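Fold and geometry: a report
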Amino acid sequence: MERKRVYTFGNGKAEGKADMRNLLGGKGANLAEMNLIGVPVPPGFTITTEVCSEYYDLGKDKVVELLKSDVEKAIANIEPILNLNTWCASTHMLSTSSCCMYLAKVYDVFHDELTQKQRADIANALMYRGIQEHLDYMTGRANSNDWRTRDSNWNVICNVGPMYAAMVLLGEGYDDAMLLDCLEKAQVSLGYSMHYFAPDGCGWEGPGYTNYTLSYMTVLFEGLTNYFGDTFGMMDYPGFEGVGRSLAMTTGKENNWTIHCEDTPVPYNTAQNMFFTKFYGDYVGQRLNIEQIYKYPAAMKLHSYLAMKYYMPDAPESVEYPEELDVLYTSSQIGFSRDTWGDKTKTVMGVHGGYNMDSGCQVDIGNFFYEYKGVVFADDPGIENYAISYTTAYPARAEGANVWVVNPDSSYGQSLDGYGDLKMVESKKDGVIYSLDLSSAYEGYVESALRGFMLSDDRTVFTVQDEIQPFEGENEFYWFWHTLADITINEGSKSVSLAKDGVICKIYFDANVDFTITKQDVLTSLPESPKVEGQNQEPHAANMHKIVVTFQSNGEPITFRATAAPFNKTIDRDTLTPIDEWTIPGA
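Below is a summary of the structure that appears in this document. Fair warning: this is a prediction, and the values are worked out from it, not measured in the lab.

Definitions and limits used
- Residues numbered from 1 in each chain as written.
- Predicted model: local features only at pLDDT ≥ 70, side-chain atom pairs only at ≥ 80, totals over all residues.
- Heavy atoms only, no water.
- Helix = DSSP H or I, 4+ residues; strand = E, 2+ residues; numbered from the N terminus.
- Polar contact = N/O pair within 3.5 Å; in protein donor to acceptor, adjacent residues only side chain to side chain.
- 1 Å grid on protein atoms, 1.4 Å probe; cavity = no way out; pocket = protein on both sides within 12 Å on 5 of 7 lines; lining within 4 Å.
- Points joined across faces, edges and corners; volume = space filled by probe spheres on them.
- Nonpolar A, V, L, I, M, F, W, Y, C, P; charged D, E, K, R; others polar.
- Axes fitted to C-alpha atoms, helices over the stretch in contact; angles between N-to-C directions.
- Parallel < 35°, antiparallel > 145°, perpendicular 65-115°, else oblique.
- Left-handed = near helix turned anticlockwise from the far one by under 90°.
- Contact = heavy atoms within 4.5 Å.
- Buried < 20%, exposed > 50% of the residue type's maximum accessible area, 1.4 Å probe, protein only.
- Pairing = 2+ DSSP bridges.

With that settled, consider the side chain of Thr345. One can find Thr345 in the loop between strand E5 (334-338) and strand E6 (347-352). Of note is the side chain of Thr345, whose polar atom sits 2.8 Å from the backbone oxygen of Thr340.

Applying the stated criterion to the full structure yields three cavities of 30 Å³ or more. Of the volumes computed, that of the largest cavity is approximately 80 Å³. As for the largest cavity, its lining consists of 14 residues, and the residues nearest its centre are Arg397, Val405, Pro408, Ser411 and Gly413. Tallied by class, the residues present in the lining of the largest cavity amount to seven nonpolar, four polar and three charged. Reported here for the second largest cavity is a volume of approximately 70 Å³. What lines the second largest cavity is a set of ten residues, and nearest its centre among them are Lys68, Val71, Glu72, Phe110 and Glu113. Sorting elements by how many residues they give to the lining of the second largest cavity places helix H3 (residues 60-82) first, with six residues. Split into classes, the residues belonging to the lining of the second largest cavity amount to six nonpolar, one polar and three charged.

Look at helix H9 (residues 240-249) against helix H10 (residues 273-280): their axes get within 8 Å of each other, and the N-to-C directions meet at 135 degrees. When the axes of H9 and H10 are compared, the pair comes out oblique. You can see that H9 and H10 cross each other, and the crossing is left-handed. Here Phe240, Glu241, Val243, Gly244, Ser246 and Leu247 of H9 lie close against H10, whose contacting residues are Asn273, Phe276, Thr277 and Tyr280. Among the residues making up the contact of H9 with H10, the classes are represented as five nonpolar, four polar and one charged.

Along any regular strand the residues' side chains alternate between the sheet's two faces. Most of strand E1 (residues 6-10) is tucked away, with five of its five residues classed as buried. Along E1, one buried face is formed by Val6, Thr8 and Gly10 and the opposite face, lined by Tyr7 and Phe9, is buried too. Relative to strand E3 (residues 44-47), E1 runs antiparallel, the two being bridged by four bridges. When the bridges of E3 are listed, Val6 appears paired with Ile47. Taken together, the two bridges between E1 and strand E2 (residues 13-14) define a ladder with antiparallel strand orientation. In the strand pairing of E2, Gly10 is matched with Lys13.

Here you go:
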């Protein structure tokens, strides 16, 4: 039976579906599924990951020959989009930009296989459904929202598609003046968002959105290099030199953190980061990214072309791991720490401050990630399905993160305008301490709040401690720890055992107030929370469990501590040391 190499989608139909990520890649599988559930997505097609292997085995000419008939059928499938009156530019330009980028790639990659009429049809659609619409909004001839000039990833995504299309069509006999005008105005607009990666390389919306943004930015920079031989100074923006390592530096030994628009704990795709490591000659970053790609075979297969394209074959015989075990990305307010690098890694901790209500619609200042022996023992449910009321659903609320709420009601549980300034207080060989002032995050809920995170005991023990000054009167607190592990509560010792894949972790709870420990085998909202139909059905959230600790206060200060340690490790529970007195012994 002839192997199927091209899968089409559009008009509510799709040949693929969500569980075909290994074959179609994450984006191809998601686009197919969105069509099937009725989300309006422009028609298109996906070439399978298997074609990448065939490319290396058989060569370009043979693969083009094998794909020719399938691609012709797929191009026929996208013809309806060429005839649309609009690509939704008046709404937000995101769809318009995506249409521009994908159709321009078809025009560029299959240029010689397309008929003259097909090239003309695609070019006219790009010119007048995409590039002209983009110019109309950039020059004020038409009114829309400000996504093209915001300081977020939306800016990049709105501008890159028309820019890439303009580069592909330059010199092809179309209106070069219009194309150059688009390139100039889009480049100026991009300047509003180029501090996105400043000062250290991890986009301020977090690793998930950094990954998403890079899928557009690498296309842009490659296009500028290929068509003009110059990035026009754009690679000189602050923070870009750190982009190459950022995703690998914020991923555990085996898994990533599902913070901010991630819905699965598989390692981030870092093949695109290798563009930056190659540009800046960062061999250490190359090593980290290659190791990361090998952690996830599906990503390795899907993105091996990019990895080989950006690989630096002249690397030294021996490339060491980074010296630092602790990194604080001030742009995204994410701290990530580990006990060592490579196969010997056992303990990984991630902590998060920054703003609430980023583009992922998650209220989660103070959230944390904890991995031991390659098993994720603390995570969060990740992003909710955009097809439901995701901005008020469980994962968007404080109860959907590893934080706490007080006197719960229908509100989010933290201030939407809140900000937490994450600080790395101490970093030594044997451990690290972070502190996070949560007072802004809980403004209107409590008088003040401080959270501390620590790796200690030769980086084998993870501690999170809250110091809260409640308002006067009765206050009821709910403290949360989400996990994919099985939960066993040990009432006598006020502890919990977490077990997964043969690895056991113990969490010991201590406080200056009485408390009760319960668990949820299925994530369930608090009674006062909005009821959102279909929430928590994404695979990661559906498999997640939760520890819930409840305690009360009539205005007296609260100190609550959770200490995670390897099974059978003895820890000191006699004293609740204040966070500002924490210290790591040793040099």
